[in-house]
Amino acid sequence: MAALNTPLIAPSLLAADFSRAAEEVAAVETAGADWLHLDVMDGHFVPNLSMGPQLIKALRPTSKLPFDVHLMIAPVDPYIEAFARAGADHIHLHVEAGPHTHRSLQHVRDHGVKPGVAICPATPPEAVGEVLDLVDMILVMTVNPGFGGQKFLTSQLRKIETLRRMADATGRDIRIGVDGGITAETAPLAVAAGADVLVAGTSVYGQPDYGAAIAALRSGAHSPA
Ligand code: DX5
Ligand code: ZN
């Protein structure tokens, strides 16, 4: 198992007050966030709608945080350029979103953006085995994507461990993010399994003190599970 490094914290804007989006981004930046996670939903790949490149483009000049864009859309290829132009630093696309994940990840890289592959709870870890040479990150869904505020699926911990081994075996530096139901209680489990990026919506934006919430996720991840 990988050494327990301090995980990066990526608050998900999905749980923020959209009427004050720019202020909410600034607030987590001040509070110590490492990245900003932006959830894009199409009402087709997932049963919900959220935001598009226009909002991301509008927020881009307001923050120095790396923008970690999670595309829950199918098809994905026609929209990669728009999200790259909007200012995405990372683009995660789902291995389940179409038959040509390999080509889609290459498109992301061609646009100068770091590619990540996201994987749903029902999908086995082997599904991403042939694209590990193309990605900088694997985003393991610890809930079924589409909504914030769901319960962490402990069934995914074994998959995180397997993916950590698969990622390390490549000899490349591949981060493993976890997304969904991350709290001060579940973060240590995910980190112990090999995650080093914690995406958190409700457990940051749903709390009164963002700084304390981010610190709790980081330090919880460090205390013995
Ligand atoms: C779910 C999204 C998540 C979501 C996490 O489809 O991908 O990023 O915002 O929300 P919480 O942390 O509330 O589970
Ligand atoms: Zn997400």
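Residues numbered from 1 in each chain as written. Chains lettered and ligands numbered in written order. Predicted model: local features only at pLDDT ≥ 70, side-chain atom pairs only at ≥ 80, totals over all residues. Heavy atoms only, no water.

Caption draft 1: Looking closely at the UniProt feature "binding site: substrate" (unreviewed entry) in the protein chain. Feature annotation in UniProt assigns "binding site: substrate" (unreviewed entry) to the following positions: Ser12, His70, Gly146, Phe147, Gly148, Gly149, Asp179, Gly180, Gly181, Gly201 and Thr202. Within the secondary structure layout, Asp179 lies in strand β7 (residues 175–179). Once residues lying within four places of it in the same chain are set aside, the contact partners of Asp179 are His37, Asp39, His70, Leu139, Val140, Met141, Thr142, Val143 and Val199. With respect to the secondary-structure elements, Gly180 resides in the loop between β7 and α6 (187–193). Given a relative accessible area of 11%, Gly180 falls into the buried group. (UniProt positions renumbered as here; feature names shortened; annotations may be inferred. Helix = DSSP H or I, 4+ residues; strand = E, 2+ residues; numbered from the N terminus. Contact = heavy atoms within 4.5 Å. Buried < 20%, exposed > 50% of the residue type's maximum accessible area, 1.4 Å probe, protein only.)

Caption draft 2: Quick look at the packing of aromatic side chains. A full pass over the atoms with the stated rule returns one aromatic pair. Judged by centre distance (5.1 Å) and plane angle (80°), the rings of Tyr205 and Tyr210 are edge-to-face. You'll find Tyr205 and Tyr210 in the same group, each marked buried. Over the face of the ring belonging to Phe67 we find Arg60, whose NZ or CZ atom lies 3.7 Å from the ring centre. (Phe/Tyr/Trp six-rings, centres within 6.5 Å; stacked < 30°, edge-to-face > 60°. Lys NZ or Arg CZ within 6 Å of the ring centre and 35° of its normal.)

Caption draft 3: Quick peek at the sheet that holds strand β8 (residues 197–200). Pairing in this open sheet of eight strands is parallel, and the strands run β1-β8-β7-β6-β5-β4-β3-β2 from one edge to the other. Sheet topology places β1 (8–11) and β2 (36–41) at the edges, where each strand pairs with a single neighbour. The sheet shows a mean angle of 25° between the axes of neighbouring strands, direction not considered. In this structure, strand β5 (residues 114–119) lies alongside strand β6 (residues 137–141), joined through four bridges in parallel fashion. Across the sheet, the residue bridging to Gly116 is Met137, located in β6. (Pairing = 2+ DSSP bridges. Axes fitted to C-alpha atoms, helices over the stretch in contact; angles between N-to-C directions.)

Caption draft 4: Molecular detail of the site of ligand 1. Taken together, 20 residues sit near ligand 1, with Asp39, Gly146, Asp179, Gly201 and Thr202 positioned nearest. Contact distances for ligand 1 include 2.8 Å between an oxygen atom and a side-chain N or O atom of Asp39. A distance of 2.8 Å is found between an oxygen atom of ligand 1 and a backbone nitrogen or oxygen belonging to Gly181. In the complex, 98% of the free accessible area of ligand 1, which totals 380 Å², lies under the protein chains. Sorting the residues of the shell around ligand 1 by element identifies β2, β3 (67–72) and β8 as the ones contributing at least two each. With three residues, β2 is the single largest residue contributor to the shell around ligand 1. Each residue belonging to the shell around ligand 1 can be placed in one class, and the counts come to eight nonpolar, ten polar and two charged. (Near = heavy atom within 4 Å. Polar contact = N/O pair within 3.5 Å; in protein donor to acceptor, adjacent residues only side chain to side chain. Areas by Shrake-Rupley, 256 points an atom, 1.4 Å probe, with all protein chains shown as cover. Nonpolar A, V, L, I, M, F, W, Y, C, P; charged D, E, K, R; others polar.)

Caption draft 5: A look at the coordination of the zinc ion (ligand 2). Protein-derived coordination of the zinc ion (ligand 2) comes from His37 (NE2), Asp39 (OD), His70 (ND1) and Asp179 (OD), at a distance range of 2.0 to 2.3 Å. Coordination at the zinc ion (ligand 2) is octahedral: its six donor atoms span angles of 70 to 169° at the metal. (Donors = N, O, S within 2.8 Å, 3.2 Å for Na, K, Ca; no water. Tetrahedral: all angles 85-135°; square planar, octahedral: opposite > 155°, others 65-115°.)

Caption draft 6: Just the environment of Gly129, in detail. Relative to the helices and strands, Gly129 resides in the loop between β5 and β6. C-alpha separation for the pair Gly129 and Ala167, spaced 38 residues apart in sequence, amounts to 8.7 Å.

Caption draft 7: Spatial organisation of the pattern of salt bridges. Throughout the structure, instances matching the rule amount to eleven salt bridges. Salt-bridge contacts for Arg109 lead to Asp136; the nearest nitrogen and oxygen are separated by 3.1 Å. Of this pair, Arg109 sits in helix α4 (residues 101–110) while Asp136 sits in the loop between β5 and β6, and the two are 27 residues apart along the sequence. Salt-bridge contacts for Arg164 lead to Asp196; the nearest nitrogen and oxygen are separated by 3.6 Å. Of this pair, Arg164 sits in helix α5 (residues 157–169) while Asp196 sits in the loop between α6 and β8; the two residues are 32 residues apart in sequence, bridging distant segments of the chain. (Salt bridge = Lys/Arg side-chain N within 4 Å of Asp/Glu carboxyl O.)

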